[in-house]
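Residue-level structural notes
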Amino acid sequence: MIEFESHQVVHEVLASLPFTFGFAPRESVVFTTVALEPGCLTIGASARLDLSDLEHPAAVNAVDHVCSALLRTGADSALVTVHTEREIGPWVFELADLVTARWPFLEHGGYHVLSAGTIHGFAPDGEPRGTHDALELLTTRVAMSQPAQAFVRGPEDFRVARVPTGEMAERVAAELDRLPPACPSHEESTLWWAAVERGSPRGSRMRARLLRALDHIPFRDGVIAAAVSGNSGGDLTWQNAAFDDPLPPDRDMLERVQGVLEGVARHAPPGRAVSPLAVAAYLAWWSGDGARARVLAEQALEEDPDHSLAGLVRDALARACPPPWFPLAGPALHEPRSSARNGW
């Protein structure tokens, strides 16, 4: 294992994480892969664990699970950051012992604990490397290429704000009662695309018709297929070719679709929001937003614990399954790596 040390790399990684996850990690341990070349840093995939997970008897399994998922991206280098309000103490050395013993990458950038405005650095063996001021992170974030992106306070803020009572909810429930039980028609597809164009549904009747349509599996799967392929227009019950040749997400399209799904779910009667929530969870997983996908899948399962699509997303996240467009490389965890290179 090759050790590397760079305050600049640490600052860039720490500054990127709120944009990666959509929230600033708290009481968390984050593993981040990096590609290091002279004068060039590429930040790769990141995976987060609750800090308390590494105090559990099954902590070794958690570390192996995370490292195995990241190793499949083909990365050679990684480092660990810890985000906590705890004071530095023996727990840092215990964490370093645990993780370094299972480290599968060729290069290790050490452990960096962000606590009380200070970054404390530690070598892979737990030896202190000194401290530096976290205020520099503010400058780094401003200078990043993603200044227009916003992030929330924590994962729970990804939950859809449900309003299942009140005037709009009552109107949606009344419209649902009036709708015939027939399968969605081309008219529902037209309504869907009109809502996507605006980024949200309009009125109780549109919400009710889309809510009913999303309960119909061919229509639901057509919504997913159209969203992941970036298509716009056409009969949604006939769109499924996207899964034959998966492409990276069209994030603008997915954001507008998520807006429609959240708008449909918000005023749905109790227990009826599961379909839009499950589709939103699946699309978050497809876009690589694991934190949002987990929260939305859990919220969908609160509405219906047996919902198959929400359960599928939950299980995919639990097994660290990436979306099918994501390129995977690299050997299995702890398989010997045959190549090596100098540190950065």
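What you see is a predicted model, and the numbers here were worked out from it, not measured in a lab.

**Some points on the environment of E85**
Mapping E85 onto the fold places it in the loop between β4 (77–83) and α3 (90–101). With relative accessibility at 66%, the residue E85 sits in the exposed group. Not counting residues up to four positions away in its chain, the partners in contact with E85 are E27 and S115.

**Regarding the side chain of E107**
Within the element layout of this structure, E107 appears in strand β5 (residues 107–115). On the accessibility criterion, E107 (1% relative accessible area) is buried. There is a polar contact of 2.6 Å between the side chain of E107 and the side chain of S77.

**Thoughts on a negative patch on the surface**
On the surface, a cluster of negative charge is made up of E94, D97, D125 and E127. Along the chain, the position of E127 falls in the loop between β6 (118–122) and β7 (128–133).

**As for the pattern of salt bridges**
Here the structure, examined in full by the defined rule, presents 19 salt bridges. Here R129 makes a salt bridge to E3, at a shortest N to O gap of 3.8 Å. Taken together, the residues R129 in strand β7 and E3 in strand β1 (residues 2–3) connect sequence positions 126 residues apart. Residue R159 pairs with E302 through a salt bridge whose shortest N-O separation is 3.0 Å. Within this pair, whereas R159 is found in the loop between α4 (136–143) and α5 (167–178), its partner E302 is found in helix α11 (residues 290–303), the two being separated by 143 residues in sequence. Looking at E302, the relative accessible area reads 53%, which means it is exposed. Overlapping salt bridges bring together E3, E5 and R129 as one network.

**As for empty space enclosed by the protein**
Across all of its chains, the model carries one cavity of 30 Å³ or more by this definition. Here the largest cavity is characterised by a volume of approximately 40 Å³. Along its surface, the largest cavity is lined by E5, S6, H7, V10, H112, G121, R129 and H132. Counting only elements with at least two residues in the lining of the largest cavity, the list comes to α1 (7–21) and β7. Residues of the lining of the largest cavity, tallied by class, amount to one nonpolar, five polar and two charged.

**Examining the environment of R256**
Here R256 is to be found in helix α9 (residues 251–266). With relative accessibility at 26%, the residue R256 sits in the partly exposed group. Expressed as a C-alpha distance, the spacing of R256 and A227, which sit 29 residues apart in the sequence, is 9.3 Å. Those residues within four positions of R256 in sequence are excluded, and the remaining contacts are V196, E197 and G199.

Criteria and cut-off values
Residues numbered from 1 in each chain as written. Predicted model: local features only at pLDDT ≥ 70, side-chain atom pairs only at ≥ 80, totals over all residues. Heavy atoms only, no water. Helix = DSSP H or I, 4+ residues; strand = E, 2+ residues; numbered from the N terminus. Buried < 20%, exposed > 50% of the residue type's maximum accessible area, 1.4 Å probe, protein only. Contact = heavy atoms within 4.5 Å. Polar contact = N/O pair within 3.5 Å; in protein donor to acceptor, adjacent residues only side chain to side chain. Patch = residues over 30% accessible without salt bridge, like charges linked within 9 Å, V, L, I, M, F, W, Y side chains within 5 Å. Areas by Shrake-Rupley, 256 points an atom, 1.4 Å probe, with all protein chains shown as cover. Salt bridge = Lys/Arg side-chain N within 4 Å of Asp/Glu carboxyl O. Lys, Arg positive; Asp, Glu negative; His and termini not counted. Charge placed at Lys NZ, Arg CZ, Asp CG, Glu CD. 1 Å grid on protein atoms, 1.4 Å probe; cavity = no way out; pocket = protein on both sides within 12 Å on 5 of 7 lines; lining within 4 Å. Points joined across faces, edges and corners; volume = space filled by probe spheres on them. Nonpolar A, V, L, I, M, F, W, Y, C, P; charged D, E, K, R; others polar.

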